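# Residue-level structural notes
The chain contents come next:
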Amino acid sequence: MCAEYGFQSIKLKGGVFEPRAEVDAMFALREAFGPDMPLRIDPNAIWKVETAIEYGREMEGLLEYLEDPARGQENMAKVRKAVKIPLATNMCTTSFEDIPGSVSLGSEDIILSDHHFWGGLRASMELSRICEVFGRGLSMHSNSHLGISLAAMVHLGAALPQLPYALDTHYPWQSDEVIVGGRLKFEDGSVAVPREPGLGVELDRQALARLHQNYLGCGITSRDDQVEMQKVDPGWKFQAVRW
């Protein structure tokens, strides 16, 4: 993916295997990609505080940031006080209502915003000003986005006054698209800001109709990670905190 898309930082979506295996994977990535590649790991808040502190301390000097190692602002603050790695979140601070708790507890260093969660593009620009006031870094996390959402993300990224961290993307994992012209292109890890009016993309209604039919036919109308995991591991059960 780094060769094909030009990505210049790597994030491991963790919380799947036991922490020792995932931390070892981060050291393997450092060995494989060298000292200048920014690395991140996201255990999806599934670690206990003591687990996050133990492995966080081991990864000091290795990571660009550690994303959501523990669940909730209070637990994140405990980890942040004990570990010398910037902590990022898209789980414990996800709305303007969460900002007072974030500031009073000191729960994270970086907010990974989402233009859907935070109320749109203008609201996200306001978030950038709040982050500047309270000494937070700002970047963006990614969910599964098609071209309309990705185009909005690109515009927002270009408009932010500061963007010290590369934005997340799941785009390479997806093959379908709902915009005219097909998939947006990455070059050197970046997407050019569309120059056409609005978001600069046009809805492909035939592609939308085909994908809508897929949705109607598949029978899945809501996300259920446990059902999906049990297809490969029948005994798997969801746990908010696992290790």
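To start, this report covers the structure provided alongside it.

Calculation rules
Residues numbered from 1 in each chain as written. Predicted model: local features only at pLDDT ≥ 70, side-chain atom pairs only at ≥ 80, totals over all residues. Heavy atoms only, no water. 1 Å grid on protein atoms, 1.4 Å probe; cavity = no way out; pocket = protein on both sides within 12 Å on 5 of 7 lines; lining within 4 Å. Points joined across faces, edges and corners; volume = space filled by probe spheres on them. Nonpolar A, V, L, I, M, F, W, Y, C, P; charged D, E, K, R; others polar. Patch = residues over 30% accessible without salt bridge, like charges linked within 9 Å, V, L, I, M, F, W, Y side chains within 5 Å. Areas by Shrake-Rupley, 256 points an atom, 1.4 Å probe, with all protein chains shown as cover. Salt bridge = Lys/Arg side-chain N within 4 Å of Asp/Glu carboxyl O. Helix = DSSP H or I, 4+ residues; strand = E, 2+ residues; numbered from the N terminus. Buried < 20%, exposed > 50% of the residue type's maximum accessible area, 1.4 Å probe, protein only. Disulfide = S-S within 2.5 Å. Pairing = 2+ DSSP bridges. Right-handed = clockwise from strand over helix to strand, strands pointing away. Contact = heavy atoms within 4.5 Å.

## Some points on the layout of surface pockets
Where empty space is left can be seen by rolling a probe of water-molecule size over the atoms. Computed from the structure, the second largest pocket encloses a volume of approximately 200 Å³. For the lining of the second largest pocket, the class distribution of residues is 8 nonpolar, 2 polar and 3 charged.

## Side note on a nonpolar patch on the surface
Residues Val103, Val133 and Phe134 make up a contiguous nonpolar surface patch of about 270 Å² in total accessible area. Tracing the backbone through its elements, the reader meets Phe134 in the loop between helix 6 (121-133) and strand 6 (137-140). Look at Phe134 and you get partly exposed, because its relative accessible area is 41%.

## Looking at the state of the cysteines
Note on terminology: disulfide describes a covalent bond linking the sulfur atoms of two cysteines. Per the stated rule, a full pass over the model turns up 0 disulfides. In this model Cys92 remains outside any disulfide bridge; the closest cysteine sulfur is found in Cys131, 12 Å from its own.

## Let's talk about the pattern of salt bridges
Taken as a whole, this structure holds 14 salt bridges when the rule is applied. We note a salt bridge from Glu67 to Lys11, for which the minimum N-O separation is 2.9 Å. Placement of Glu67 in strand 3 (residues 65-67) and of Lys11 in strand 1 (residues 10-13) is noted, with a sequence separation of 56 residues between them. Residues joined in a network through salt bridges with shared partners are Lys11, Lys13, Arg40, Asp42, Glu64, Glu67 and Asp168.

## Description of the pairing of strand 1
Across 4 bridges, the pairing between strand 1 and strand 2 (residues 39-42) is parallel. Within the sheet, the bridge partner assigned to Lys13 lies in strand 2 and is Asp42. The handedness of the strand 1 to strand 2 crossover, carried by helix 2 (residues 19-33), is right-handed.

## Brief notes about the environment of Asn44
Checked against the element boundaries, Asn44 lands in the loop between strand 2 and helix 3 (49-58). In this structure, the C-alpha to C-alpha distance between Asn44 and Ala240, residues 196 residues apart in sequence, is 9.2 Å. Among residues more than four places away in sequence, those in contact with Asn44 are Lys13, Gly14, Asp68, Arg71 and Met91.

## Looking at the pairing of strand 2
Residues Leu39 and Ile41 point to one face of strand 2 and Arg40 and Asp42 to the other, with burial holding for every one of them. For strand 2 and strand 3, the ladder comprises 2 bridges, and the chain directions are parallel. If you follow Ile41 over to strand 3, its bridge partner there is Leu66. The handedness of the strand 2 to strand 3 crossover, carried by helix 3, is right-handed.

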